[in-house]
Amino acid sequence: MNALGLRRFLVERPPRPERCELCAAAVPDDHRHLVDTEKRALACACTACALLMEAPGAAAGRFRAVPNRYLTDPSHRLDDGAWDALQIPVGVAFFFRNAALDRLVALYPSPAGATESELEPATWTEVLGGSRLAELLEPDVEALLLRRAEGRIECHLVPIDICYELVGRMRLLWQGFDGGAEARAALDAFFDDVRRQARPVEEAVRP
């Protein structure tokens, strides 16, 4: 192979733009996502396709648009006993209802990615089932995001894609046994942003 042929492997190429997985249109960095309920995966979407998938029964229910609402309920308080009942070994977890499996799924970030924790339905009902956030939770596309830190437990209803964003960030930054200073700083910044966006549950409207 001549030098000209080798050069194309040595020159850094710009990253390919992300594209909508339905229509292949290029999407910006802050694009929306769909939940592919058949593959149990997130799919990138342009604004037009995301809006189309918001309609009930669109694509025979395979794709569901992830909404962009953040809610919190200051009146619903959790204590250490509630956290212990959930049996989460770290300080952060998220919970969502998988419609296809007809059950709740509990996941937490780890160096290996999203790790599932066994969750008994009775435990969910006891700890979170009676909360207003749980009543508003949309299957597959939203999650209850919990964090225990500095003697308090916070709970927010959030789009499910940001939970997987957090998982990816923690996997990338995690060092040592406890994650390390960089991972903890990223976690603090992430929850600061969630708090800024979260509205009181009294203002909630279903997506």
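In case you missed it, the structure is sitting above this.
Residues numbered from 1 in each chain as written. Predicted model: local features only at pLDDT ≥ 70, side-chain atom pairs only at ≥ 80, totals over all residues. Heavy atoms only, no water.

Engineer: Pulling in residues and values, what's your account of helix H6 (residues 160–173)?
Structural biologist: Its 14 residues place the ends of H6 21 Å apart at the C-alpha level, agreeing with the 20 Å of an ideal helix rising 1.5 Å per residue. Those residues of H6 not exposed but buried are Ile160, Asp161, Ile162, Cys163, Leu166, Val167, Met170 and Leu173. (Helix = DSSP H or I, 4+ residues; strand = E, 2+ residues; numbered from the N terminus. Expected span 1.5 Å × (residues − 1). Buried < 20%, exposed > 50% of the residue type's maximum accessible area, 1.4 Å probe, protein only.)

Engineer: I'd like a description of the sheet that holds strand S1 (residues 32–36), backed by residues and values.
Structural biologist: Hydrogen bonding along the main chain pairs the strands of a sheet, whether they run parallel or antiparallel. Taken in spatial order, the 3 strands make up an open sheet running S2-S1-S3, and their pairing is antiparallel. Each of the sheet's edge strands pairs with one partner strand only, and the pair in question is strand S2 (41–45) and strand S3 (63–65). In this sheet, adjacent strand axes meet at a mean angle of 35 degrees when their direction is disregarded. Direction of pairing for S1 relative to S3: antiparallel, over a ladder of 3 bridges. (Pairing = 2+ DSSP bridges. Axes fitted to C-alpha atoms, helices over the stretch in contact; angles between N-to-C directions.)

Engineer: Requested: an account of the sheet that holds strand S9 (residues 152–159), with residues and values cited.
Structural biologist: With mixed pairing, the 7 strands of this open sheet are ordered in space as S7-S6-S5-S8-S9-S4-S10. Here the strands that pair on one side only, and so sit at the sheet edges, are strand S7 (113–117) and strand S10 (199–200). Inspection of the sheet shows strand S5 (residues 92–98) paired to strand S8 (residues 142–149) by 4 bridges, in the antiparallel sense. Each residue of the ladder has a partner; that of Val92, found in S8, is Arg147. H6 rests against S5, strand S6 (103–110), S7, S8 and S9 of the sheet, and its axis sits at about 120 degrees to S9. Along the sheet, helix H7 (residues 180–197) contacts S5, S8, S9 and S10; its crossing angle with S8, the most-contacted strand, is approximately 125 degrees. (Contact = heavy atoms within 4.5 Å.)

Engineer: With reference to specific residues and values, describe the pattern of salt bridges.
Structural biologist: Evaluated as defined, the whole model comprises 16 salt bridges. A salt bridge links Arg69 to Glu142; its shortest N-O distance comes to 2.6 Å. Placement of Arg69 in the loop between S3 and strand S4 (71–72) and of Glu142 in strand S8 is noted, with a sequence separation of 73 residues between them. Judged by its relative accessible area of 0%, Glu142 falls in the buried class. Two residues, Arg152 and Glu154, come together in a salt bridge whose shortest N-O distance is 3.8 Å. (Salt bridge = Lys/Arg side-chain N within 4 Å of Asp/Glu carboxyl O.)

Engineer: Can you lay out a negative patch on the surface for me, pointing to particular residues and giving the numbers?
Structural biologist: The grouping of Glu18, Glu21, Asp29 and Asp30 at the surface amounts to a negative patch. Within the secondary structure, Asp29 is located in the loop between helix H1 (3–10) and S1. (Patch = residues over 30% accessible without salt bridge, like charges linked within 9 Å, V, L, I, M, F, W, Y side chains within 5 Å. Areas by Shrake-Rupley, 256 points an atom, 1.4 Å probe, with all protein chains shown as cover. Lys, Arg positive; Asp, Glu negative; His and termini not counted. Charge placed at Lys NZ, Arg CZ, Asp CG, Glu CD.)

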